[in-house]
Amino acid sequence: MIQELKQYSTQGKCKTMVLIDGVNGFYYNSVRLKDEHRKIVTFDKVTLFEAFRQFFKSDWTGGAVVGVVDSYAVHSDYRTSDYPRHLLKKEGWEELDPFVPIPVDLYDSREIQTTIDYYLDRRWLAHSNAGTQKARQELEVLCCRNPYTLMELCASR
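Residues numbered from 1 in each chain as written. Predicted model: local features only at pLDDT ≥ 70, side-chain atom pairs only at ≥ 80, totals over all residues. Heavy atoms only, no water.

A word on the overall build of the protein chain
Defined as follows: Numbering of helices and strands starts at the N terminus; helices are DSSP runs of H or I of at least 4 residues and strands are runs of E of at least 2. Partly exposed describes any residue whose relative accessible area lies between the buried limit of under 20% and the exposed limit of over 50%, with all areas from a 1.4 Å probe on protein chains only and scaled to the type maximum. Only heavy atoms matter for contacts: two residues are in contact if any of them lie within 4.5 Å across the pair. What sets the accessible areas is the Shrake-Rupley method with a 1.4 Å probe; for residues, cover comes only from the shown protein chains. By the counting scheme adopted, Arg and Lys are positive, Glu and Asp are negative, and His together with the chain ends is not counted. To locate a charge, take NZ of a lysine, CZ of an arginine, CG of an aspartate or CD of a glutamate.
When helices and strands are tallied, the protein chain shows 6 helices and 2 strands. Going from N to C terminus, the protein chain has its helices and strands arranged as α-β-α-β-α-α-α-α. Its C-alpha atoms put the protein chain at 55 × 45 × 30 Å along the principal axes. Taken across its 157 residues, the protein chain has 27% of its residues classed as buried. When contacts within the protein chain are restricted to residue pairs at least 6 apart in sequence, those whose partners lie at least 24 apart make up 58%. Counting only carbon and sulfur atoms, one obtains 53% of the accessible surface of the protein chain, whose full area is about 11500 Å². In the protein chain, which carries 21 positive and 22 negative side-chain charges, the distance between the mean positions of the two groups comes to 3 Å.

What follows is the structure, given as structure tokens:
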């Protein structure tokens, strides 16, 4: 299927965008999968990971790959820096060449309020006072407008 998508994109029959969160996780042996003998399986042995890495090759046109380099995609034992070059390791950095970083700002007040509305709608925030203005302001201050921190604050424990 991936070869067909690449082929159709190159022929101009469709446009393809591949989005991968935690793309740097492909370059670490910290996968939490085990085989039938209870031995850790490395990423290069997982067919799905290898299939997605086919999109990283520059043998096709008419599409784009957008990947998020995320320090949370790697177990903290392997994390010594949050810089993309370190998180991707040498193999990932070379494979994703050209790497074009896109900085992402913190949420503004409107985006935080929209996210809180979503959490209320999904009943992730279930307290009767969760939708009040005071509670919303408190969440905004506590998370410092960071979407991941907001998610952690609102997660059930």
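Now, onward.
Digging into the environment of Arg136
Put simply, the test is: The term polar contact refers here to a pair of N or O atoms within 3.5 Å; inside protein, the definition further demands a hydrogen-donor-capable atom paired with an acceptor-capable atom, and it admits residues adjacent in sequence only when both atoms are side-chain atoms.
Turning to its location among the elements, Arg136 is positioned in helix H5 (residues 133-143). Using a relative accessible area of 11% as the deciding quantity, one classes Arg136 as buried. Once residues lying within four places of it in the same chain are set aside, the contact partners of Arg136 are Gln113, Ile116, Asp117, Leu120, Ala130 and Gly131. In this structure the side chain of Arg136 is engaged in a polar contact, spanning 2.9 Å, whose partner is the side chain of Gln113. Within polar-contact distance, the side chain of Arg136 engages the backbone oxygen of Gly131 at 3.1 Å.

Details of the nonpolar core
As a reminder of what qualifies: Definition of nonpolar core: a set of buried residues of the types Ala, Val, Leu, Ile, Met, Phe, Trp, Tyr and Cys, connected through side-chain atoms within 4.5 Å.
Counting residues in each nonpolar core, the largest one holds 15 residues, and the members touching the most others are Ile20, Val23, Phe26, Tyr27, Phe56 and Leu96. Judged by nonpolar contacts, the second largest core, of 9 residues, contains Tyr119, Leu125, Leu139 and Cys143.

As for the packing of aromatic side chains
Our working rule: A pair of aromatic rings is counted whenever rings of Phe, Tyr or Trp (Trp by its six-membered ring) have centres within 6.5 Å, and the orientation is called stacked for planes under 30 degrees apart, edge-to-face for over 60 and tilted otherwise.
The final tally for this structure, using the stated rule, is 6 aromatic pairs. With a centroid separation of 6.2 Å and an interplanar angle of 55°, the aromatic rings of Tyr118 and Tyr119 are classed as tilted. The exposure class assigned to Tyr118 is partly exposed, which follows from its relative accessible area of 43%. Ring plane angle 40° and centroid distance 5.1 Å describe the contact between Tyr119 and Trp124, whose orientation is recorded as tilted.

Brief notes about the pattern of salt bridges
What counts is decided by this rule: We define a salt bridge as a side-chain nitrogen of Lys or Arg found within 4 Å of a carboxyl oxygen belonging to Asp or Glu.
Evaluation of the coordinates by the stated rule reveals 8 salt bridges. Note that Glu95 and Arg53 form a salt bridge whose closest N and O atoms lie 2.7 Å from each other. In this pair, Glu95 sits in helix H3 (residues 84-95) while Arg53 sits in helix H2 (residues 47-53), placing the two residues 42 residues apart along the sequence. Using a relative accessible area of 23% as the deciding quantity, one classes Glu95 as partly exposed. Note that Asp117 and Arg136 form a salt bridge whose closest N and O atoms lie 2.4 Å from each other. On the criterion of sequence distance, the pair formed by Asp117 in helix H4 (residues 109-121) and Arg136 in helix H5 is long-range, its members being 19 residues apart. When salt bridges that share partners are traced, they join Glu50, Arg53, Glu91 and Glu95 into one network.

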